[in-house]
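For reference, the chains in residue letters:
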Amino acid sequence: RQSFTAFNNLGVDLLFNLEKLYGLNDGSLELSTSYRFGSSLSQKYIGNVFNVQQVCCGATFRVVDVGYHQQLFDDRVSFRVGRIAAGDDFLVSPYNYVFVQNGFDGNPVGIFFNSPGMTAYPNATWGALVKGKPTERSYVMGGWYNGDPAIRDNRHHGLDWSMTGPLFTIGEVGYQINGLPGDEGLLGNYKAGFWYDNSRFTDFNTVARSHSPHSDRGNWGFYGLFDQVLVRFGERGSNRGFGVTGSLMVSPDRSVSQLPFFSTAGFLVRGIFPSRPTDVGGFGVVFGHFGNDLQDSQRRTGQPVQRFETVLEATYRLRFLGDAFFL
């Protein structure tokens with residue numbers, strides 16, 4: 001089938017600088033809302049699992065972030081607390097936002113198949129995040145969140161502020177190559193992390209047996225992602241150039257993980273034409289392998305068997321009006 005859909009997001013985001021308002025040094029309050037409407041091309045016509053539109057789901061009005069952010073010791077330590085989303089801070093690469101499809105855009109989507117406690121815009125939950133910077137080029141951060149996926153239901157509009165869910169926790173370390181004042185080399189960011197979700201998960205090995213399916217407590221996984229500029233166009237300090245990005249996610253417990261292996265890879269170019277220095281182009285590949293235990297359970301129940309999905313995207317972003325608008 002061939003068709004056309006549009007899915008839209010109208011966001012209003014407010015940041016209150018509490019230092020200017022009340023003299024609270026390096027403190028800020030974040031408030032954000034979202035209104036979504038439309039229909040998903042993947043859900044309505046294609047039937048694939050990695051949505052071709054990152055803005056694809058949750059058609060309703062909702063309150064998103066209501067959080068407090070504090071920086072300490074010249075930004076060597078910071079924390080966020082309140083109604084926040086883990087995807088605001090973890091599993092983030094600026095290269096991912098060039099792409100439209102959900103495998104890349106926002107956060108690598110594999111984690112959401114294996115962890116119902118992971119949150120990302122426009123969904124938020126009670127959480128706390130602490131980040132430390134041992135050096136100017138490195139950081140360590142950890143986050144703890146209410147992992148109840150039910151609070152994200154459209155009917156709540158982001159206003160179910162209960163705290164009864166299981167714990168979702170995630171940690172990440174990162175290192176930046178170049179990028180500081182005076183650096184002349186090519187910019188690169190390298191990150192690795194670990195997550196644990198204390199939800200209850202269906203054991204696929206017990207589905208469609210002579211007894212009711214069993215559930216196990218907890219699932220976990222680890223990941224890595226990077227982006228690296230390889231070639232610079234133009235003079236020193238120019239933001240024009242060619243770079244690569246990629247991610248790898250592994251959830252080893254295949255008895256409860258829908259997507260034990262997930263990866264992305266992308267090639268991006270910024271300012272390939274000197275007359276359009278802020279245009280960005282890219283080609284990306286997303287691959288996810290569904291677990292063998294999940295496949296066996298689908299065979300036993302007579303469902304279509306999910307083996308893997310691969311998505312390709314080629315994109316070019318034209319910027320206009322001082323980068324205030326792009327197509």
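Residues numbered from 1 in each chain as written. Predicted model: local features only at pLDDT ≥ 70, side-chain atom pairs only at ≥ 80, totals over all residues. Heavy atoms only, no water.

A.B. asks: Please explain the state of the cysteines as it appears in this structure.
C.D. replies: Disulfide: a covalent bond formed between the sulfur atoms of two cysteine residues. The final tally for this structure, using the stated rule, is one disulfide. One disulfide in the model links cysteine 56 with cysteine 57; its S-S distance is 2.5 Å. Note on the cysteine 56 and cysteine 57 pair: the S-S dihedral is about -90°, so by sign convention the disulfide is left-handed. Judged by relative accessible area, which is 28%, cysteine 57 ranks as partly exposed. (Disulfide = S-S within 2.5 Å. Buried < 20%, exposed > 50% of the residue type's maximum accessible area, 1.4 Å probe, protein only.)

A.B. asks: Mind showing me how you'd approach unusual backbone geometry here?
C.D. replies: Backbone geometry follows two general trends: most residues other than glycine have a negative phi, and most peptide bonds adopt the trans configuration. The amide bond that connects tyrosine 121 to the next residue, proline 122, takes the cis arrangement and shows omega of 10°. Its place among the elements puts proline 122 in the loop between helix 3 (110–114) and strand 5 (125–135). A positive phi angle, near 55°, is found at aspartate 26, a position not held by glycine. Here aspartate 26 lies in the loop between helix 1 (18–22) and strand 2 (27–38). The exposure class of aspartate 26 is partly exposed, given its relative accessible area of 35%. Positive phi, close to 70°, is recorded for aspartate 75, a residue that is not glycine. In this structure, aspartate 75 sits in the loop between strand 3 (61–72) and strand 4 (77–84). (Helix = DSSP H or I, 4+ residues; strand = E, 2+ residues; numbered from the N terminus.)

A.B. asks: Explain the side chain of histidine 156 to me, please; I cannot follow it from the model alone.
C.D. replies: Mapping histidine 156 onto the fold places it in the loop between strand 6 (138–146) and strand 7 (167–177). Discounting chain neighbours no more than four positions away, the residues touching histidine 156 are Ala150 and Ile151. (Contact = heavy atoms within 4.5 Å.)

A.B. asks: It is not clear to me how the pairing of strand 12 (residues 280–289) should be interpreted in this structure. Could you clarify?
C.D. replies: In the case of a regular strand, side chains alternate between the two sheet surfaces. Sheet analysis places strand 11 (residues 261–270) next to strand 12, joined by 10 bridges and oriented antiparallel. Among the inter-strand pairings, threonine 264 is bridged to a residue of strand 12, identified as valine 286. (Pairing = 2+ DSSP bridges.)

A.B. asks: How should the packing of aromatic side chains be read in this particular structure?
C.D. replies: Here the distance between the centres and the angle between the planes together describe a pair of aromatic rings. Evaluated as defined, the whole model comprises 14 aromatic pairs. Seen in terms of ring centroids, phenylalanine 320 and phenylalanine 325 are 6.0 Å apart; in terms of plane orientation they differ by 35°. Their pairing is tilted. Taken together through their ring pairs, the aromatic side chains of Phe50, Phe113 and Phe262 make up a single cluster. Positioned above the aromatic ring of tryptophan 126 is the side chain of arginine 83, whose terminal nitrogen or guanidinium carbon lies 6.0 Å from the ring centre. (Phe/Tyr/Trp six-rings, centres within 6.5 Å; stacked < 30°, edge-to-face > 60°. Lys NZ or Arg CZ within 6 Å of the ring centre and 35° of its normal.)

A.B. asks: What exactly am I supposed to notice about the pattern of salt bridges here?
C.D. replies: Any two side chains of opposite charge can pair, given that their charged atoms come close. One pass over the structure, following the stated rule, counts eight salt bridges. We note a salt bridge from aspartate 183 to arginine 137, for which the minimum N-O separation is 2.9 Å. Of this pair, aspartate 183 sits in the loop between strand 7 and strand 8 (188–202) while arginine 137 sits in the loop between strand 5 and strand 6; the two residues are 46 residues apart in sequence, bridging distant segments of the chain. For arginine 137, a relative accessible area of 26% corresponds to the partly exposed category. Residue aspartate 296 is joined to arginine 299 by a salt bridge in which the shortest nitrogen-to-oxygen separation is 2.8 Å. Taken together, the positions of aspartate 296 and arginine 299, both in helix 4 (residues 292–301) and three residues apart, correspond to about one turn of that helix. Look at arginine 299 and you get partly exposed, because its relative accessible area is 44%. (Salt bridge = Lys/Arg side-chain N within 4 Å of Asp/Glu carboxyl O.)

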